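Here is how the chains run, residue by residue.
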Amino acid sequence: MTTNGAARVENDDWKKSTISRKFPTYRRKPIVTNRSWLKGKQLDDEAEGLWRIYDNLYDLTDFVAKHPGGSFWLERTKGTDITEPFETHHIKGVPQSILDKYFVRKAAKPRNYTLTLKENGFYRTLKKRVAEQLKHLDYSPKRRSFLYHMGLLCATALFTLMTARHNNIIFELSAALSLAWLSIAAHNYFHQRDNWQMYTFNLTLMNFNDWRISHAISHHIYTNSLHDLEMSMFEPFLCWVPNKYIASKARRYISLLVQPLIYAGIFPLHLIQRTLRSLFAKNELYWHDAIGLTLPLAMMAVSPTTPVDALIKWARIIGTSSFIFGLIGLNASHHTPDICHDGDALREDRDWGLYQLDTIIDRGDIKKSHFMNLTHFGDHALHHLFPTLDHGILPQLQSVFLETLNEFRGELREITFWDHIIGQSKQLLRTQVNNIPPDQRNTKNYDK
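We now turn to the structure provided with this report. (Residues numbered from 1 in each chain as written. Predicted model: local features only at pLDDT ≥ 70, side-chain atom pairs only at ≥ 80, totals over all residues. Heavy atoms only, no water.)

Residue placement: Leu 394 occurs in the loop between helix H15 (380–385) and helix H16 (398–407). You can call Leu 394 buried: its relative accessible area is 0%. Placed 24 residues apart in sequence, Leu 394 and His 370 show a C-alpha to C-alpha distance of 9.8 Å. Among all residues touching Leu 394, those that are not within four sequence positions of it are Asp 379, Leu 382, His 383 and Leu 389. (Helix = DSSP H or I, 4+ residues; strand = E, 2+ residues; numbered from the N terminus. Buried < 20%, exposed > 50% of the residue type's maximum accessible area, 1.4 Å probe, protein only. Contact = heavy atoms within 4.5 Å.)

If you want it as structure tokens, here you go:
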């Protein structure tokens, strides 16, 4: 939740998005939440209470319970345009006979979003080739992802209990690090069909269902744009959109100082905000939010001292783990001055897949490690293009990915984690848009 400073600005030139025809309705509201984002999207997409895919309207009500990926995705997106999620979450496609069964009529108005998914464009060409590649991949790395995730879950439980039993800073830091890595590894699973691994994300006090909206449905689809909920929820404290109306230059300098506090508050504030909104407005809590309470309860149960002492230790673990998560996540791939943000000029070819690459610079320093990719948002470009695929098998798609990129004059850029930290700080200070499209800029020579 955030108070959106931009909502009070009446500058018509600013109230435009480079990827949509309309300024996002949710940004006109003083409070930004998952719920307000979805409600605003329903108004902007004009899907008439149905599900829109390209220029067609479908009534998927009777299909919600049958959806192989789980009912959540369709329940939350009713009344919206789901074209991009539909394409990226169904790599092998959906039989036309299924769609025809639920077709209602053609949409009366053109799509709100102006990025394209043409049949012979970059993304759909790559998608066809990846679908073919999937028939011949080695899927054993998925087992390794599973073992890494299980190992982190066990390590988190073990070090948390050891912290409760002993006053040892090593145990405490190990518990915090394990929990942070576990949450990022769990992110690998909540993009996929419903599974038990996604519930482990809730040990952080955050909730995977909320992240399926803010991260999978919003950030992954409308990356770095005004429609990207993951950016707007940090405003005005951290603002990556290069515009002075959201955050002044002075406030941007202050944001450099408060970054550590923001990182440390991500986990606890997420639950606190949703709890308060549930008490005074509509309920935003789930039954599985209780999973986040299992660690402190276990610590109190085994602590040789008082429950208060156990809770203090747990609070330190949560705060430290949140800081690690924020440091990794907010410096993962999306925010340097060389990366496209809303307001910057886009390439003439407005292919959705190429736009994704313009909003991402991969971390080249972790590329060869399966564990680091899983726990540090690695192979980020391919993950954005094909989010339902396990991180372990993404490296096997690199050759067809680079081949297709070369055909469409795209670029896979890579820098180190340290470069991302420096670049992200510079992006926080940037208020001037890039007027030259990404494919026409003289960019750095990134290591391939």
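Another aspect to go through is the packing of helix H7 (residues 169–190) against helix H12 (residues 307–329). In contact at an axis separation of 8 Å, H7 and H12 are set at 45° when each is read in the N-to-C sense. Judged by the angle between their axes, H7 and H12 are oblique. Of the two possible hands of crossing, H7 and H12 adopt the one that is right-handed. On the side of H7, the interface is formed by Glu 172, Leu 173, Ala 175, Ala 176, Leu 177, Leu 179, Ala 180, Trp 181, Ser 183 and Ile 184, while H12 contributes Lys 313, Arg 316, Ile 317, Ile 318, Thr 320, Ser 321, Ile 324, Phe 325 and Ile 328. Taken together, the residues of the contact of H7 with H12 break down into 13 nonpolar, three polar and three charged. (Axes fitted to C-alpha atoms, helices over the stretch in contact; angles between N-to-C directions. Parallel < 35°, antiparallel > 145°, perpendicular 65-115°, else oblique. Left-handed = near helix turned anticlockwise from the far one by under 90°. Nonpolar A, V, L, I, M, F, W, Y, C, P; charged D, E, K, R; others polar.)

Another point: the pattern of salt bridges. Where side chains of opposite charge bring their charged atoms close, a pairing between them can arise. The full count for this structure, using the stated rule, is 26 salt bridges. Between Arg 27 and Glu 235 there is a salt bridge whose closest N-O contact spans 2.8 Å. Placement of the pair is Arg 27 in the loop between strand E1 (2–3) and strand E2 (31–32) and Glu 235 in the loop between helix H9 (229–232) and helix H10 (249–280), with a sequence separation of 208 residues. Of the two residues examined, Arg 27 and Glu 235, each falls in the buried class. Arg 52 is the partner of Asp 55 in a salt bridge, and the nearest nitrogen-oxygen pair spans 2.9 Å. On the accessibility criterion, Arg 52 (1% relative accessible area) is buried. Among the ionic contacts, a cluster of salt bridges with common partners joins Glu 87, Glu 119, Arg 124, Lys 127 and Lys 128. (Salt bridge = Lys/Arg side-chain N within 4 Å of Asp/Glu carboxyl O.)

We now examine unusual backbone geometry. Glu 235 connects to Pro 236 through a cis peptide bond whose omega is 0°. When you line up the elements, Pro 236 lands in the loop between H9 and H10. One non-glycine residue, Asn 224, lies in positive phi territory at about 60°. Structurally, Asn 224 is set in the loop between helix H8 (208–219) and H9. Backbone geometry places Asp 379, a non-glycine residue, at a positive phi of 45°. Summarising the element assignment, Asp 379 is placed in the loop between helix H14 (370–375) and H15. Overall, the relative accessible area of 5% leaves Asp 379 in the buried class.

In short, geometric facts, not functional conclusions.
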